[in-house]
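So the chains spell out like this:
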Amino acid sequence: MVTQVIGAMVEYIHAPASPQAVLDRLAHPDTHIVSLTITEGGYNVDETTCEFRLHQADVLNDLSGAPLRTAFGFIVFALEARLKAGLKPFTVVSCDNLRSNGNTTRRAIVAFARAVSTRLSDWIEENGAFPNSMVDRIAPQVSDEEKERINAFSGINDLLPATCETYTKWVIEDNFCDGRPELELGGVGFRNDVAAFEAVKGRLSNAAHMLMCYPSLLMGHRFVHEGMREPFIVRLLQTFWTIDTIPLVKPPEGYSIPGFTTEVVNRFSNPAIRDQLLRVAYDGAAKIMVFHGRTIRELIEKGKDLNREAFMLACFSRYLLGADDLGKTFEVYEPQLTDADWAIVRSNDAVALLRVGPFRSLELEQCAAFRDRYLDLRHRLASEGTTATLRAILV
């Protein structure tokens, strides 16, 4: 273990407690870059229309003039203050695992700004910058037990320590509207083909995380490395890559996909990371769409094998019940599922999951090949268990 005090963290302002202080800091002339890590499902984009949801409750709150709740509200009203002060906008850098994350951020911010003022939204569109980026590093949650272990090793009473793996990769478009530090000195790659890196990471690595976490949880595991000790889980990922995704993904020029997937297996299997399966599973309805939605569509369009994707959704449907095959319970947190979605999920309808809002745009209920495979695997999971079901689809 290596510990390091991050000297760049020089100030912290808690937005719910001090919203005006956050606005003042964002609007200050010394602020040039604002970065976002609000999770894949945090961009408030409708999966069907791909439009920013202006009628979402917290967004309506922010537009009403009440104390701000959303990242979009803070950013837009800070940009409005900068416009009035004659300052340049700051660059907004999304660091989330989201395809075209900069484009998505631009769409969300401009849509919010347009609801405030057309002059403001036009100014942001013309002068703002939202570079696409790809950041790859596993950073698990830190439990109280892990915090004590880290602090005992470092000798520092850190109230909020963070852990991460040694592997790191960050590529970003060199598109900044008000200057930037020399990030390349820290290993950042400035590239024009960020989308290719996003595709490799999202459709191979992040997708594999989602694919392995639900069956691993159902088998009774709670850490990623424990799930990776199951030979069938590793074979599931290798089959997924070889048959399903590698033929669909075009890597950056000179990039070794076999080398990347081998590294992913090693990274997921590292017991020192102690990455929690429930962290990976969190907000799964949104993440599954981000990392598997395109693959599911393309496999269906091409008439390909749907075993792995149907198995994942069947496992996800059982995960939503909050208990594993051993009867041990766990907490399920799915902020993208509305009360109406939960009512559908908890009905006696076997295909209910395929109808919930986040998955509706895939139209899986209308695809007989996917629906029938999903129903068969869902039944097998309930009657035979996860291990036996997984073993059967790998034969």
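Residues numbered from 1 in each chain as written. Predicted model: local features only at pLDDT ≥ 70, side-chain atom pairs only at ≥ 80, totals over all residues. Heavy atoms only, no water.

1. Points about helix α17 (residues 386-394)
For an α-helix, the turn length of 3.6 residues means that residues three or four places apart are oriented alike.
Part 1 of the reasoning: Taken together, the buried positions of α17 are occupied by Thr-386, Thr-389, Leu-390, Ile-393 and Leu-394. For α17, the angular spread of the buried residues around the axis is 130°, confining them to a single face.
Part 2 of the reasoning: Against α7 (194-218), α9 (231-245), α13 (307-319) and α16 (368-384) lie the buried residues of α17. (Buried < 20%, exposed > 50% of the residue type's maximum accessible area, 1.4 Å probe, protein only. Helix = DSSP H or I, 4+ residues; strand = E, 2+ residues; numbered from the N terminus. Arc of directions from axis to C-beta. Contact = heavy atoms within 4.5 Å.)

2. Overview of the side chain of Asn-151
Part 1 of the reasoning: Tracing the backbone shows Asn-151 in helix α6 (residues 144-154).
Part 2 of the reasoning: Setting aside anything within four residues of it in sequence, one finds Asn-151 in contact with Ile-156, Asn-157, Asp-158 and Pro-161.

3. Points about empty space enclosed by the protein
Part 1 of the reasoning: Throughout the structure, instances matching the rule amount to 3 cavities of 30 Å³ or more.
Part 2 of the reasoning: Around the largest cavity sit 16 residues that line it, and Asn-97, Leu-98, Arg-99, Glu-198 and Gly-202 are the ones nearest its centre.
Part 3 of the reasoning: Where the lining of the largest cavity is concerned, the elements lending two or more residues are β3 (133-136), α7 and α12 (284-301).
Part 4 of the reasoning: Here the lining of the largest cavity takes 6 residues from α7, the largest share from any one element.
Part 5 of the reasoning: Of the residues in the lining of the largest cavity, the class split is 6 nonpolar, 5 polar and 5 charged.
Part 6 of the reasoning: In this structure, the second largest cavity spans a volume of roughly 40 Å³.
Part 7 of the reasoning: Lining the second largest cavity, in full, are Ile-138, His-209, Val-224, His-225, Arg-267, Phe-268, Asn-270, Ile-273, Arg-274 and Asp-275.
Part 8 of the reasoning: Those elements that place two or more of their residues in the lining of the second largest cavity are α8 (224-227) and α10 (257-269).
Part 9 of the reasoning: Of the residues contributing to the lining of the second largest cavity, the split by class is 4 nonpolar, 3 polar and 3 charged. (1 Å grid on protein atoms, 1.4 Å probe; cavity = no way out; pocket = protein on both sides within 12 Å on 5 of 7 lines; lining within 4 Å. Points joined across faces, edges and corners; volume = space filled by probe spheres on them. Nonpolar A, V, L, I, M, F, W, Y, C, P; charged D, E, K, R; others polar.)

4. Observations concerning the pattern of salt bridges
Part 1 of the reasoning: Applying the stated criterion to the full structure yields 23 salt bridges.
Part 2 of the reasoning: Between Asp-174 and Arg-180 there is a salt bridge, with the nearest N and O atoms lying 3.0 Å from each other.
Part 3 of the reasoning: The shortest N-O distance in the salt bridge between Arg-355 and Glu-365 comes to 2.6 Å. Here the residue Arg-355 occupies a position in the loop between α14 (339-345) and α15 (357-360), and Glu-365 occupies one in the loop between α15 and α16, the gap between them amounting to 10 residues.
Part 4 of the reasoning: Of the residues examined, Glu-365 reaches a relative accessible area of 21% and is grouped as partly exposed.
Part 5 of the reasoning: The network of salt bridges with shared partners includes Asp-136, Glu-165 and Arg-267. (Salt bridge = Lys/Arg side-chain N within 4 Å of Asp/Glu carboxyl O.)

5. As for the side chain of Ser-205
Part 1 of the reasoning: With respect to the helices and strands, Ser-205 occurs in helix α7.
Part 2 of the reasoning: For Ser-205, the contacting residues outside a window of four places in its chain are Val-200, Phe-260, Val-264, Arg-267 and Phe-268.

6. Concerning the environment of Phe-291
Part 1 of the reasoning: Along the chain, the position of Phe-291 falls in helix α12.
Part 2 of the reasoning: C-alpha separation for the pair Phe-291 and Gly-41, spaced 250 residues apart in sequence, amounts to 11 Å.

7. Overview of α13
Part 1 of the reasoning: If you check α13, its first and last C-alpha atoms are 18 Å apart, about what 13 residues at 1.5 Å a residue would give, namely 18 Å.
Part 2 of the reasoning: Of all 13 residues making up α13, 12 are buried, and the element is well covered by its neighbours. (Expected span 1.5 Å × (residues − 1).)

8. Some words on unusual backbone geometry
Part 1 of the reasoning: Look at Asn-44: it is not a glycine, yet its phi comes out positive at around 55°.
Part 2 of the reasoning: Judged by relative accessible area, which is 6%, Asn-44 ranks as buried.
Part 3 of the reasoning: Unusually for a residue other than glycine, Ser-100 sits at a positive phi of about 55°.
Part 4 of the reasoning: Among the structural elements, Ser-100 can be located in the loop between β2 (91-94) and α4 (101-116).
Part 5 of the reasoning: You can call Ser-100 partly exposed: its relative accessible area is 25%.

9. A word on the layout of surface pockets
Part 1 of the reasoning: Reported here for the second largest pocket is a volume of approximately 730 Å³.
Part 2 of the reasoning: Lining of the second largest pocket is provided by 29 residues; of these, Val-45, Asp-46, Glu-47, Thr-48 and Met-289 occupy positions nearest its centre.
Part 3 of the reasoning: Listing elements by their share of the lining of the second largest pocket, those giving two or more residues are α4, α12 and α15.
Part 4 of the reasoning: Broken down by element, the residue count for the lining of the second largest pocket peaks at 7 residues, all from α12.
Part 5 of the reasoning: Its residues assigned to classes, the lining of the second largest pocket comprises 9 nonpolar, 10 polar and 10 charged.

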